[in-house]
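# Residue-level structure breakdown
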Amino acid sequence: MDYDEYRELYSSLKTAKDVERLSGEYDDRLLDTLFTQKTSREVKKNFYRVKQNSKRMLNEWSKGKSIVSLADKYRFPPILVAMFIFLEDGASKKEFWSYINDPNLLESEETANEVREAVKNDIVYSPEANNRQKERGIWGENLLHEWLDGQGVGYRTENDLRGTESTKTPDCLLDYPVMYKGHKICWVESKASFGDNIEFRFNSRKQLVPYTQLFGPGLVVYWVGCLDDLECPEGVYVSDISVMDVKLDKWEK
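Being a predicted model, the structure only gives us computed values, none of them experimental.

A surface patch of negative charge is lined by Asp2, Asp4, Glu5, Glu8, Glu25, Asp228, Asp229 and Glu231. Relative to the helices and strands, Asp2 is located in the segment before helix 1 (3-12). On the basis of relative accessibility, which here comes to 38%, the residue Asp2 falls in the partly exposed class.

Laid out in structure tokens, this is it:
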């Protein structure tokens, strides 16, 4: 995706309603992923500033304001607003998340309904959202295995490598190097996120560059999409789902 289109799309995803509005124009996985990444970044930036209003939120909620209306007021995900309120009211984090997973555990049916409403309106931090993210991860890894298996490329997975000397392991460490678009690669990493500059820099620092130091050059695949002009560190190559049409060649020493 070119940067201008990305910026326009990213900027337009202000609320969960925008995800629904743009469905059909863009792939649902892309919209869900971008909105999740944007929301997570804003939460990280504003978490403690909003958390400082916990007492005020509890007071407003006790006087009849709904969790969802407070989420709109503070421009914060409904489930996290609910967490601030419940924790301020004396609940533990463990208790709170048990209520999110099963509102029937709450004694008050009115409160349970409010929690259900918060869960329904939160497409980033709800149990269903977590499941979607896990499913995207599995979907991407399955595509990666299909691509490598279809070309007879042997590899060891992260599970195969668990317990080895290396503390960092890619999703697929190839049994032998292959040529990808004229470049030697020794590993492939699967990402169910969107590869924008922020995501790619984070992945590069935490995983991709260390992989090159341990195993040699490799490829990262952002299955829901990535920017066209990412600046790659030496030995790191990037693709999106179009990688499925790429034929790997034998690497000649």
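What follows is about the packing of helix 6 (residues 78-88) against helix 8 (residues 109-121). A pair of packed helices can be characterised by two numbers: the angle between their axes and the separation between those axes. At a minimum axis separation of 8 Å, helix 6 and helix 8 run at an interaxial angle of 145 degrees. Across the interface between the two elements, Pro78, Ile79 and Phe86 from helix 6 touch Thr111, Val115, Ala118, Val119 and Asn121 from helix 8.

Since the α-helix turns once every 3.6 residues, residues separated by three or four places project in the same direction. Maximal helix bending in helix 11 (residues 197-215) amounts to about 60 degrees, located at Ser204. Every buried residue of helix 11 is accounted for by Glu199, Phe200, Asn203, Ser204, Leu208, Pro210, Tyr211 and Thr212. Taken together, the buried residues of helix 11 touch helix 3 (28-51), strand 3 (183-191), strand 4 (218-222) and strand 5 (236-239).

Counting through the fold element by element, Asp171 comes out in the loop between helix 10 (158-161) and strand 2 (172-180). Among buried charged residues, Asp171 stands out as having no salt bridge; its nearest opposite-charge side chain is Lys191, 6.0 Å away. Separated by 2.8 Å, the side chain of Asp171 and the backbone nitrogen of Ser190 make a polar contact.

Here we take up helix 3. At Lys45, helix 3 shows its maximal kink, close to 50 degrees. Here helix 3 starts with a cap whose side-chain oxygen sits 2.9 Å from the backbone nitrogen of Arg29, and that cap is Asp27.

What follows concerns the layout of surface pockets. There is about 990 Å³ of room inside the largest pocket. With 10 residues, the top contributor of residues to the lining of the largest pocket is helix 3. Here the lining of the largest pocket is composed, by residue class, of 15 nonpolar, six polar and 14 charged. The volume enclosed by the second largest pocket comes to roughly 630 Å³.

Let us look at the packing of aromatic side chains. Inspection of the entire model under this criterion finds 13 aromatic pairs. Residues Trp61 and Phe86 carry aromatic rings whose centres are separated by 5.9 Å and whose planes lie at 35 degrees to one another, so their mutual orientation is tilted. In this pair, Trp61 is assigned in helix 4 (residues 54-62) and Phe86 in helix 6, connecting sequence segments 25 residues apart. Note on accessibility: Trp61 and Phe86 belong to one class, buried. Aromatic pair Phe96 and Trp97: ring centres 5.1 Å apart, planes at 75 degrees, arrangement edge-to-face. An aromatic cluster is defined as three or more aromatic residues linked by ring pairs; in this entry it consists of Trp61, Phe86, Phe96, Trp97 and Tyr99. Residue placement shows Arg29 over the ring face of Trp139; its charged tip is 3.8 Å from the ring centre. A cation sits over an aromatic face here: Lys184 above Trp251, 4.2 Å from the ring centre.

Cut-off values and rules
Residues numbered from 1 in each chain as written. Predicted model: local features only at pLDDT ≥ 70, side-chain atom pairs only at ≥ 80, totals over all residues. Heavy atoms only, no water. Patch = residues over 30% accessible without salt bridge, like charges linked within 9 Å, V, L, I, M, F, W, Y side chains within 5 Å. Areas by Shrake-Rupley, 256 points an atom, 1.4 Å probe, with all protein chains shown as cover. Salt bridge = Lys/Arg side-chain N within 4 Å of Asp/Glu carboxyl O. Lys, Arg positive; Asp, Glu negative; His and termini not counted. Charge placed at Lys NZ, Arg CZ, Asp CG, Glu CD. Helix = DSSP H or I, 4+ residues; strand = E, 2+ residues; numbered from the N terminus. Buried < 20%, exposed > 50% of the residue type's maximum accessible area, 1.4 Å probe, protein only. Axes fitted to C-alpha atoms, helices over the stretch in contact; angles between N-to-C directions. Contact = heavy atoms within 4.5 Å. Bend = angle between axes of the 7 residues up to and from the residue. Polar contact = N/O pair within 3.5 Å; in protein donor to acceptor, adjacent residues only side chain to side chain. 1 Å grid on protein atoms, 1.4 Å probe; cavity = no way out; pocket = protein on both sides within 12 Å on 5 of 7 lines; lining within 4 Å. Points joined across faces, edges and corners; volume = space filled by probe spheres on them. Nonpolar A, V, L, I, M, F, W, Y, C, P; charged D, E, K, R; others polar. Phe/Tyr/Trp six-rings, centres within 6.5 Å; stacked < 30°, edge-to-face > 60°. Lys NZ or Arg CZ within 6 Å of the ring centre and 35° of its normal.

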